[in-house]
Amino acid sequence: MNESDSRLILKAENLKQHYHVKQGLLKPEVTVKAVDGISFNLEKGKTLAVVGESGCGKSTLGRMLTMIETPTEGRLAHLGEDLLTLTKDAQAKLRQKIQIIFQNPYGSLNPRKKIGSILEEPLVINTSLSKSERKEKALSIMEKVGLKAEHYDRYPHMFSGGQRQRIAIARGLMLDPNVIVADEPVSALDVSVQAQVLNLMMDLQDEFGLSYVFISHDLSVVEHIADDVMVMYLGKVVEQGSREQLFENPKHPYTLALLSSTPQLSPEKRRQRIKLEGELPSPLNPPSGCAFNGRCAYANDRCRSETPTLRLDSSEEQEQGHLIACHAVAEKRIGTLVEGAA
């Protein structure tokens, strides 16, 4: 996709976040590659889901996209403007258009402040609106997310988890952003409440033309809300494509394993169970070659020595945009997992 495309709102190129960690007085400093070369395009009104196990770098990527953390390397363009090359003032103004919703609705709201004050705080800091104008804006957004006017003077502890997440969503909308980074926004909620919050987010997306980067480990949630999916493993993308490509024709062994562990009510959607041996490797001491080789049933000597690159699968040239980083797939040593109940 050309960057001049009017629908392209966020473009990341080779984003990296490396941390230098001291292990002790007599031990050498090591570099932890929390995010190691992530690229994607996000279109207006679309949702990009980022999935993977805890520790794969999803939340670090989210903090980079909102500039809570400055990337070590790479390019991040919002409507064609590179956030990393702007002056601090210009960067601060542009950052208002990219907001974040955090995972924990209980910990992300100040318990000492009333809801009205929490919602108006971004307006106090970033705008010249009067007190009455700020209140009017807060009440308007509260109505959009399903909160009542009488909630304005209440404290966070007086609300349920689902209501608190609605408050967090309202706060994210106060500066009229066009990109929302949602970091596990429903994982702390009951399943029945999850559906309500997801439907609210989709309704708001339609109403305001929002674009979402939706970070999650739950593929059943991702299938419901995503347009495109990016699967991460130890700081790198291992598979990337449309929702249909990832759920109907997954290729990478890690993606297959994640999908096989997702509960399905429909028998025809159930997959043969793949049990991953071992745990996610430590980013302090990642394996050589493919980071997944120690848990992959298809790994060979090449997988253990050579890092695969993210590229189109040659067997499905008609499926543009479906990218896989796997030697076994490139060498046609594996195919789509045989479906069937476990």
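Conventions adopted
- Residues numbered from 1 in each chain as written.
- Predicted model: local features only at pLDDT ≥ 70, side-chain atom pairs only at ≥ 80, totals over all residues.
- Heavy atoms only, no water.
- Helix = DSSP H or I, 4+ residues; strand = E, 2+ residues; numbered from the N terminus.
- Rg over C-alpha atoms; globule rule 2.2 N^0.38 Å.
- Buried < 20%, exposed > 50% of the residue type's maximum accessible area, 1.4 Å probe, protein only.
- Contact = heavy atoms within 4.5 Å.
- Areas by Shrake-Rupley, 256 points an atom, 1.4 Å probe, with all protein chains shown as cover.
- Pairing = 2+ DSSP bridges.
- Axes fitted to C-alpha atoms, helices over the stretch in contact; angles between N-to-C directions.
- Parallel < 35°, antiparallel > 145°, perpendicular 65-115°, else oblique.
- Left-handed = near helix turned anticlockwise from the far one by under 90°.
- Nonpolar A, V, L, I, M, F, W, Y, C, P; charged D, E, K, R; others polar.
- Right-handed = clockwise from strand over helix to strand, strands pointing away.
- Phe/Tyr/Trp six-rings, centres within 6.5 Å; stacked < 30°, edge-to-face > 60°.
- Lys NZ or Arg CZ within 6 Å of the ring centre and 35° of its normal.
- Core = buried A, V, L, I, M, F, W, Y, C linked by side-chain atoms within 4.5 Å.

For the chain, the name recorded in an unreviewed UniProt entry is ABC transporter ATP-binding protein, with Marinomonas transparens as its organism.

Undergrad: Mind laying out the overall build of the chain, listing which residues take part and the relevant values?
TA: Across its full length, the chain holds eleven helices and twelve strands. Against the 2.2 N^0.38 benchmark of 20 Å for 342 residues, the chain shows a C-alpha radius of gyration of 21 Å, consistent with a compact globule. With 342 residues in all, the chain has 49% of them scored as buried. Across the chain, the fraction of contacts at a sequence separation of at least 24, relative to all contacts at a separation of at least 6, is 65%. Accessible area for the chain stands at about 16900 Å²; split by element, carbon and sulfur atoms hold 48% of it.

Undergrad: Give a description of the pairing of strand 6 (residues 98–101) that names residues and reports values.
TA: Burial along strand 6 is two-sided: Ile98 and Ile100 facing one way and Gln99 and Ile101 facing the other are all buried. Across four bridges, strand 6 lies against strand 7 (residues 179–183) in parallel orientation. The residue bridging Ile98 from the neighbouring strand is Val179, located in strand 7.

Undergrad: I'd like to hear about the sheet that holds strand 12 (residues 323–324), residue by residue, with values.
TA: Sheets are built from strands paired through backbone hydrogen bonds, the pairs being either parallel or antiparallel. What the eight strands build is an open sheet, ordered 6-7-8-3-9-10-12-11; its pairing is mixed. If you trace the sheet from one side to the other, it starts and ends with strand 6 and strand 11 (311–312), each paired once. Lying on the sheet, helix 5 (residues 161–173) is in contact with strand 6 and strand 7; it crosses strand 6 at an angle near 170 degrees.

Undergrad: Which residues make up unusual backbone geometry, and what values go with them?
TA: Phi is positive for Met67, which is not a glycine, with a value near 65 degrees. With respect to the element layout, Met67 can be found in the loop between helix 1 (58–65) and strand 4 (73–78). At Glu184, a position not held by glycine, the phi torsion is positive, near 50 degrees. Take Glu184: it is sitting in the loop between strand 7 and helix 6 (191–208).

Undergrad: Talk me through the packing of helix 3 (residues 115–126) against helix 4 (residues 131–144); I want residue IDs and the actual numbers.
TA: In helix packing, the relevant descriptors are the interaxial angle and the interaxial distance, both defined with respect to the helix axes. Relative orientation of the contacting elements helix 3 and helix 4 amounts to 135 degrees, with a least axis distance of 9 Å. Here helix 4 runs oblique to helix 3, going by the angle between their axes. Crossing of helix 3 over helix 4 shows right-handed handedness. Contact with helix 3, carried on its side by Leu119, Glu120, Leu123 and Val124, involves Arg134, Lys135, Lys137, Ala138 and Met142 of helix 4 and no other residues of that element. Grouping the amino acids of the contact of helix 3 with helix 4 by side-chain chemistry returns five nonpolar, no polar and four charged.

Undergrad: Summarise the pairing of strand 8 (residues 211–216); cite the residues concerned and give the values.
TA: Within strand 8, six of the six residues are buried, leaving the element largely enclosed by the surrounding structure. Residues Ser211, Val213 and Ile215 line one face of strand 8 and the alternating positions Tyr212, Phe214 and Ser216 line the opposite face, and both faces are buried. Across five bridges, the pairing between strand 7 and strand 8 is parallel. Each residue of the ladder has a partner; that of Ala182, found in strand 8, is Phe214. For the segment spanning strand 7, helix 6 and strand 8, crossover handedness is right-handed.

Undergrad: Can you tell me about the packing of helix 3 against helix 5, naming the residues and giving the values?
TA: Where helix 3 contacts helix 5, the two axes come as close as 8 Å, and the packing angle between them is 30 degrees. If you check the angle between helix 3 and helix 5, you find them roughly parallel. Viewed along their axes, helix 3 and helix 5 form a crossing whose handedness is right-handed. For the pair helix 3 and helix 5, the contacting residues are Ile115, Ile118, Leu119 and Pro122 in the first and Ile167, Ala170 and Arg171 in the second.

Undergrad: Let's hear about the packing of aromatic side chains: which residues, and what values?
TA: Under the criterion given, the structure shown has three aromatic pairs. Residues Tyr233 and Phe292 carry aromatic rings whose centres are separated by 5.2 Å and whose planes lie at 85 degrees to one another, so their mutual orientation is edge-to-face. Of this pair, Tyr233 sits in strand 9 (residues 228–233) while Phe292 is found in the loop between helix 9 (253–260) and helix 10 (301–305), placing the two residues 59 residues apart along the sequence. Accessibility classification places Tyr233 together with Phe292 in one group, the buried group. In this structure an aromatic cluster arises from ring pairing among Tyr233, Tyr254 and Phe292. Taking NZ or CZ as reference, Lys135 lies 4.9 Å from the ring centre of Tyr152, over its face.

Undergrad: A description of the nonpolar core should follow, citing residues and the corresponding values.
TA: Counting 35 residues, the largest nonpolar core has Leu119, Val145, Ile169, Leu173 and Leu204 as the members making the most contacts within it. Breaking this core down by element, the ones donating at least two residues are helix 3, helix 4, helix 5, strand 7, helix 6, strand 8 and helix 7 (219–225). Considering every element that reaches this core, the biggest residue donor is helix 6, with six residues. Ignoring any residue separated from it by four or fewer positions in sequence, one finds Leu173 in contact with Ile141, Val145, Ile180, Leu204 and Leu210. Judged by nonpolar contacts, the second largest core, of 27 residues, contains Ala12, Leu42, Val179 and Met230.

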